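The chain contents come next:
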Amino acid sequence: MSSQAIDREDSATAVRSEGTAWLRACLSASAPAAAAAVYSLAALHPERVSDSLGQGLALYFLAQLPLALLAGVFSAAMYVEGPPLRRVLIYLAVVGAGVGAGWAGMKSAASAFAPAVGGAVATQTF
């Protein structure tokens with residue numbers, strides 16, 4: 001009888017912790033979701049948005065973009081089958097490739113060819 005009571009307590013604790021995990025996930029996603037909604041409304045109706053709000057939203061977007069990319073890579077790495085070390089190595093390789101691309105972009109932006117490359121990328125005329 002005591003083992004049944006312990007099992008019921010464990011299942012009740014598991015249900016409570018799962019419920020709080022969903023609540024925490026929703027709360028952590030609510031601020032970026034609200035900002036995305038405001039950003040999309042500002043993109044659809046730019047005349048209704050002040051310049052200071054637009055700059056704040058752009059800054060928030062640029063600050064959240066690397067975190068969103070890292071979260072996407074982490075989520076994708078979790079679906080790779082195999083040992084955990086393989087998933088970690090794939091995650092590190094993708095993040096390393098992203099850092100390398102960022103470094104190369106930073107170095108190319110400081111070169112004399114940056115305006116030409118930027119113009120080609122913007123107009124998609126390579």
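Note that residues are indexed from 1 along each chain, following the sequence as it is written. Given that this is a predicted model, residues contribute local features only at a pLDDT of at least 70 and side-chain atom pairs are listed and counted only at 80 or more, while totals for whole chains, interfaces and linings are drawn from all residues. Side-chain figures throughout are based on the complete set of non-hydrogen atoms in the structure, without hydrogens or water.

## Some words on the overall build of the protein
Summing up its helical and strand segments, the protein has four helices and zero strands in all. Listing every helix and strand of the protein by position from the N terminus yields α-α-α-α. We call a residue buried when its accessible area falls under 20% of the maximum for its residue type, exposed when it is over 50%, and partly exposed in between, using a 1.4 Å probe and counting protein chains only. Counting the 126 residues in the protein, one finds 5% classified as buried. Each accessible area is a Shrake-Rupley estimate made with a 1.4 Å probe; only the visible protein chains count as cover when residues are assessed. In the form shown here, the protein has an accessible surface area of approximately 10100 Å², with 71% of it arising from carbon and sulfur atoms. Every helix listed is a DSSP run of H or I at least four residues long, and every strand listed is a run of E at least two residues long, numbered separately from the N terminus.

## Examining the packing of helix α2 (residues 51-78) against helix α3 (residues 84-109)
Every angle, taken between N-to-C directions, lies between 0 and 180 degrees, and every axis is a line fitted to C-alpha atoms, over only the stretch in contact when it is a helix. One can describe the packing of α2 onto α3 by two numbers: an axis separation of 9 Å at closest approach and a directional angle of 150°. Regarding the angle of α2 to α3, the classification is roughly antiparallel. With respect to the hand of their crossing, α2 and α3 are arranged in right-handed fashion. Here Leu70, Val73, Phe74, Ala77 and Met78 of α2 come into contact with α3, specifically with Arg87, Tyr91, Val94 and Val95. Considering only residue class, the contact of α2 with α3 consists of eight nonpolar, no polar and one charged. Geometric relationships in this document are graded by angle, where less than 35 degrees denotes roughly parallel, more than 145 denotes roughly antiparallel, 65 to 115 denotes roughly perpendicular, and other angles denote oblique. Crossings are sorted by hand: turned counterclockwise from the far helix by less than a right angle, the near helix makes the crossing left-handed, and turned clockwise it makes it right-handed. Contacts: residue pairs with any heavy atoms within 4.5 Å of one another. Gly falls in the polar group here, along with every residue not listed as nonpolar (Ala, Val, Leu, Ile, Met, Phe, Trp, Tyr, Cys, Pro) or charged (Asp, Glu, Lys, Arg).

## Notes on the packing of aromatic side chains
Each Phe, Tyr or Trp ring (for Trp, its six-membered ring) is paired with any other whose centre lies within 6.5 Å, and the angle between the two planes then decides the class: stacked below 30 degrees, edge-to-face above 60, tilted in between. As enumerated under the stated definition, the model contains one aromatic pair in all. Relative to Tyr91, the ring of Phe74 has its centre 5.9 Å away and its plane inclined at 85°; by these criteria the two rings are edge-to-face. Remark: Tyr91 occurs in helix α3 and Phe74 occurs in helix α2; sequence separation between them is 17 residues.

## Notes on a nonpolar patch on the surface
Exposure above 30% relative accessible area and no salt bridge define the residues that can form patches, which grow by joining like charges within 9 Å and nonpolar side chains of Val, Leu, Ile, Met, Phe, Trp and Tyr within 5 Å. We count a salt bridge whenever a side-chain nitrogen from Lys or Arg sits within 4 Å of a carboxyl oxygen from Asp or Glu. Together, Tyr39, Phe61, Leu62, Leu65 and Leu69 give the surface a local cluster of nonpolar side chains, amounting to about 480 Å² of exposed area. With four residues, α2 is the largest single contributor of residues to the nonpolar patch. The residue Leu62 is located in helix α2 in this model.

## Quick notes on the confidence of the model for the protein
On average, the protein scores 75 in pLDDT, and the residues at 70 or more come to 81%. As a per-residue measure, pLDDT tells how confident the predictor is, with possible values from 0 to 100. Taken element by element, the predicted model of the protein shows its lowest mean pLDDT in helix α1 (residues 2-44) (66) and its highest in α3 (84).

## Side note on the environment of Leu57
Mapped onto the elements, Leu57 comes out in helix α2. For the pair formed by Leu57 and Ala36, sequence separation is 21 residues and the distance between their alpha carbons is 8.7 Å. Non-local contacts of Leu57, meaning those with residues more than four positions away in its chain, are made with Ala35, Val38, Tyr39 and Ala42.

## Comments concerning α2
Here the expected length of a helix is defined as 1.5 Å per residue gap, with one fewer gap than residues. The end-to-end C-alpha distance of α2 is 40 Å, a good match for the 40 Å that 28 residues give at a rise of 1.5 Å each. The sharpest bend along α2 measures roughly 30° and falls at Gln64, with the proline Pro66 sitting one to four residues further on. Bend angle per residue: angle between axes fitted to the 7 residues ending at that residue and the 7 residues starting there.

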